[in-house]
Amino acid sequence: MTKKSDYMISRRGFVGGIVGLIGAIMSTVIGLPVVGYVVSPALKKGGREEWLTLAPASAAEPGVPTPFTFSRMKEVGWRRVRINRTVYAITNDGENVTVFSDACTHLSCKVHWDAERNAFVCPCHNGVFDKEGNVVSGPPPRPLDRFEAKIENDQLMILVEG
Amino acid sequence: MTTRVIDWLDERMGLLVVWNTIFDRKVPKVNWWYTLGSASLFLAIMQAVTGIFLTIYYIPTPEEAYSSVEYIMSDVAFGWLIRGMHHWGATLMVAIVFLHLLRVFYYGAYKYPREVTWVTGVFLFLVTMGLGFTGYLLPWNQRAYWATAVGSSIVGTVPVVGDFLLRVLRGGDDLTILTLSRFFGVHIWFLPGMLFILIGIHLYLVVRNGISNMPKSDE
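Residues numbered from 1 in each chain as written. Chains lettered and ligands numbered in written order. Predicted model: local features only at pLDDT ≥ 70, side-chain atom pairs only at ≥ 80, totals over all residues. Heavy atoms only, no water.

Draft legend 1. Up close: the state of the cysteines. Residues and elements named next belong to chain A. Summed over all chains, the structure comprises one disulfide over all chains. Paired through a disulfide, Cys109 and Cys124 show a sulfur-sulfur distance of 2.0 Å. Between Cys109 and Cys124, the disulfide has an S-S torsion of -95° and is therefore left-handed. A residue pair is termed long-range when its members are at least 10 positions apart, and Cys109 in the loop between strand 4 (97–101) and strand 5 (112–114) and Cys124 in the loop between strand 6 (119–121) and strand 7 (128–129) qualify at 15 residues. The thiol sulfur of Cys104 is not disulfide-bonded, and the nearest other cysteine sulfur, from Cys122, lies at 3.8 Å. By relative accessible area, which is 6% here, Cys104 ends up buried. (Disulfide = S-S within 2.5 Å. Helix = DSSP H or I, 4+ residues; strand = E, 2+ residues; numbered from the N terminus. Buried < 20%, exposed > 50% of the residue type's maximum accessible area, 1.4 Å probe, protein only.)

Draft legend 2. Seen up close, unusual backbone geometry. The amide bond that connects Tyr112(B) to the next residue, Pro113(B), takes the cis arrangement and shows omega of 5°. By the secondary structure assignment, Pro113(B) is in the loop between helix 5 (79–106) and helix 6 (115–137). A positive phi angle is found at Asn126(A), which is not glycine, with a value near 60°. The topology assignment puts Asn126(A) in the loop between strand 6 and strand 7. Take Asn126(A): its relative accessible area is 54%, and that puts it in the exposed class. Residues other than glycine seldom take positive phi values, yet Val160(B) does so here, at roughly 65°. On the secondary structure map, Val160(B) appears in the loop between helix 7 (142–155) and helix 8 (162–170).

Draft legend 3. Molecular detail of the nonpolar core. Ranked by internal contacts, the top residues of the largest apolar core, which has 19 residues, are Tyr37(A), Tyr57(B), Tyr58(B), Ile72(B), Leu137(B), Leu138(B) and Leu180(B). Looking at this core, the elements with two or more residues in it are helix 1 (11–39) of chain A together with helix 4 (65–74) and helix 9 (177–209) of chain B. Top contributing element to this core by residue count: helix 4 of chain B, with four residues. Ignoring any residue separated from it by four or fewer positions in sequence, one finds Leu138(B) in contact with Tyr58(B), Ala65(B), Leu180(B), Phe183(B), Phe184(B) and His187(B). Ala44(B), Met85(B), Leu191(B) and Leu198(B) belong to the second largest nonpolar core, which has 17 residues in total. (Core = buried A, V, L, I, M, F, W, Y, C linked by side-chain atoms within 4.5 Å. Contact = heavy atoms within 4.5 Å.)

Draft legend 4. Summary view of the environment of Ser10(A). Position of Ser10(A) among the secondary structure elements: in the segment before helix 1. Expressed as a C-alpha distance, the spacing of Ser10(A) and Arg82(A), which sit 72 residues apart in the sequence, is 66 Å.

Draft legend 5. Spotlight on helix 4 of chain B. Of the positions making up helix 4 of chain B, those classed as buried are Ala65(B), Ser68(B), Val69(B), Tyr71(B) and Ile72(B). Summarising the axial view, the buried residues of helix 4 of chain B lie within an arc of 155°, below the 170-degree limit, and thus occupy one face. (Arc of directions from axis to C-beta.)

Draft legend 6. Fine view of the side chain of Thr91(A). Residue and element names in this part refer to chain A. Inspection of the secondary structure assignment puts Thr91 in strand 3 (residues 79–91). Given the relative accessible area of 5%, Thr91 is considered buried. Polar contacts involving the side chain of Thr91 include one to the main-chain carbonyl oxygen of Asn96, which spans 2.8 Å. (Polar contact = N/O pair within 3.5 Å; in protein donor to acceptor, adjacent residues only side chain to side chain.)

Draft legend 7. The domain arrangement of chain A, seen in detail. In terms of domain boundaries, chain A breaks down into domain 1 (4–43) and domain 2 (49–161). The straight-line distance from the C-alpha centre of domain 1 of chain A to that of domain 2 of chain A is 53 Å. (Domains from an automatic or database assignment.)

Encoded structure:
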């Protein structure tokens, strides 16, 4: 006759283990989809590139960064929303042009062109960039981001994505 | 290793005695109908968890509610699963809680010394029904809208104060953004808060008084 102590595992231990195992399986089956559920929007990328006509290139004063605004429709969740953006274009000859993003490279506040100081100034943490977008002072780690840009038939065009 | 960690924690927290009180208590030999309470608790927790995750995408306004639910169902990864669990869990919870109530009633388990457990249980049933009623409106589709139109109109038939109660329930004369907004608030804050407080009292009493024997034929 087998005694209680002869068993490898007690009845209580067995039941406890089974309950734990079922619990673990259920947590995994529910838990993993939940992670996907939460991160889902982060995995969607726009990725669509297109050339956008901003304005006649003559609208940009030679040698001075000039702001141009444009808006695009973007799919956000279940809605199409209008995203407004500003870029700064600078051209010396009306043929070659540099277009800067107005997003500060520090923590993405919007910089503006300060004509008096002859610099791009970020209001958040006093990041200052020169006319070429290089960092003059403040915390920004790198120069202002640039758009791929061109002038065709006197039209200023930039390549935007997303 | 595990034992040492548990011992270390128990020396400082003393939770083992709580654990043993809850899970090592003596129970009479009973049948499967006695598992309905645990099933109700499991469903309540599942509804809370899936509900919390649904609020990440759901927006309680007439303009956005329907679209945000559609978005959860068709665009969010496993959104169909989370909403599906909440949807079917709700129906199941009403059914299971009601069966639990019937079992306690037919076995006479509500008698001394378990009257307070029974009373909190009845309130738990009412809160569950309230959660079902308020949650039904939230998808803001035709079925939800008209079900709530009908359901809230019933409140209006109460003598004397019916009209006032109807206006309180709807937040005005009609089903509007105010109705959706208050149903949402009641669904995710007021009723779940009451539910888990009542569950706490209910479970304390179940552990304290023990569960009842099955009735015998000579009683």
